[in-house]
Amino acid sequence: MTALVDTPTHASPFARPRTLRADRRRWQDGPTPASLADLVALTREVADEVHLGRHTVEVDPVHRWSQRLHADEHLDVWLISWASDQGAELHDHGGSLGALTVVRGGLTEWRWTAGSEDDDACRAEELASRGPGLRRRVLEPGRSVAFGLGHVHDVSNRALETAVSVHAYSPPLSAMSYYGVEGGVLRRTRSELVQPGQSPE
């Protein structure tokens, strides 16, 4: 069901250097030579390819549809479609960094925040109250967001129009934990291994 895209290295965004400085690996964001900025740039490049029709998008009205576009030891890249009311449970990405770019439609993200550092940076729609809690942001077409280590969120399509997004993870997803919020406290409910090639949930 999943497939790897085999494109010439000179034309593929996956073959580009992982950092702007060849003499310096970017470990400050996490355990990978790719930085959050690299992952955002990559998802934007692939989103442009989707706009140009280089990748086929399918829609499953029952389950989110996904296709892995690339996989190597450093990263994997996924194309995902979201029919109306489809979503992902509140989760993290284990030891992986991540990024997504919305190609079309819109996605709603609820992200957990401790509240103290980024309250002033939140848009008004995100800041229902100060302090720890979930913040909502609407991701419109062309919007990209990055996920550092420890980022906990859920993502869903609350519109009638199908949404399409490109996701990149580095290193490739190998585990995810799922959460609930009880009395304003974030609690992990379970952790699951992610098998190679398994669609990110």
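Since the model is a prediction, treat every value here as computed from it, not as a measurement.

Reading the values: rules and limits
- Residues numbered from 1 in each chain as written.
- Predicted model: local features only at pLDDT ≥ 70, side-chain atom pairs only at ≥ 80, totals over all residues.
- Heavy atoms only, no water.
- Helix = DSSP H or I, 4+ residues; strand = E, 2+ residues; numbered from the N terminus.
- Buried < 20%, exposed > 50% of the residue type's maximum accessible area, 1.4 Å probe, protein only.
- Contact = heavy atoms within 4.5 Å.
- Areas by Shrake-Rupley, 256 points an atom, 1.4 Å probe, with all protein chains shown as cover.
- Pairing = 2+ DSSP bridges.
- Axes fitted to C-alpha atoms, helices over the stretch in contact; angles between N-to-C directions.
- Core = buried A, V, L, I, M, F, W, Y, C linked by side-chain atoms within 4.5 Å.
- Salt bridge = Lys/Arg side-chain N within 4 Å of Asp/Glu carboxyl O.
- Phe/Tyr/Trp six-rings, centres within 6.5 Å; stacked < 30°, edge-to-face > 60°.
- Lys NZ or Arg CZ within 6 Å of the ring centre and 35° of its normal.

Caption draft 1: Quick look at the overall build of the protein. Each helix and strand counted, the protein has 1 helix and 11 strands in total. Helices and strands appear in the protein in the N-to-C order α-β-β-β-β-β-β-β-β-β-β-β. Looking at the protein as a whole, 47% of its 201 residues qualify as buried. Sequence separation of 24 or more characterises 71% of the internal contacts of the protein that already satisfy a separation of 6 or more. Carbon and sulfur atoms make up 51% of the accessible area of the protein, which amounts to about 10,400 Å² in all.

Caption draft 2: Structural context of the side chain of serine 156. By the element assignment, serine 156 lies in strand S8 (residues 153–156). Taking relative accessible area as the criterion, serine 156 reaches 4% and is therefore assigned buried. With near-sequence residues (within four places) excluded, serine 156 lies in contact with Trp82, Gln86, Gly87, Gly106, Leu107 and Thr108.

Caption draft 3: Spatial organisation of the sheet that holds strand S1 (residues 65–71). Ordered by their spatial adjacency, 5 strands build an open sheet running S1-S2-S9-S4-S7, and the pairing between neighbours is antiparallel. Strand pairing shows two members of the sheet lacking a second neighbour, S1 and strand S7 (144–147), which therefore form its edges. Along the sheet, successive strands turn relative to each other by an average axial angle of 20°, direction set aside. Relative to strand S2 (residues 76–82), S1 runs antiparallel, the two sharing 6 bridges. By the bridge assignment for S2, tryptophan 65 is matched with serine 81. In this fold helix H1 (residues 36–51) packs onto S1, S2, strand S4 (97–104), S7 and strand S9 (163–170), with an angle of close to 25° to the strand it touches most, S4.

Caption draft 4: Region of the structure containing the nonpolar core. Within the largest apolar cluster, 19 residues are counted, with the highest numbers of intra-cluster contacts made by Leu39, Leu42, Val46, Val77, Leu79, Val103 and Val166. Secondary-structure elements contributing two or more residues to this core are H1, S1, S2, S4 and S9. The leading source of residues in this core is H1, at 7 residues. Ranked by size, the runner-up nonpolar core spans 16 residues in total, among them Trp82, Val102, Phe147 and Tyr169.

Caption draft 5: Here's a closer look at the pattern of salt bridges. Within the structure shown, the criterion is met by 4 salt bridges. Notably, a salt bridge pairs arginine 190 with glutamate 192, separated by 2.7 Å at the nearest N-O pair. Residue classification places arginine 190 among the partly exposed residues on the basis of a relative accessible area of 33%. Here the salt bridges do not stand alone but share partners, grouping Glu89, Arg190 and Glu192 into one network.

Caption draft 6: Local environment of the packing of aromatic side chains. Inspection of every chain in the model, using the stated rule, returns 0 aromatic pairs. Here the guanidinium or amino end of arginine 64 rests over the ring plane of tryptophan 82, the centre of that ring lying 4.5 Å away. For arginine 190, the ring lying beneath its charged end belongs to tyrosine 178, and the centroid distance is 4.1 Å.

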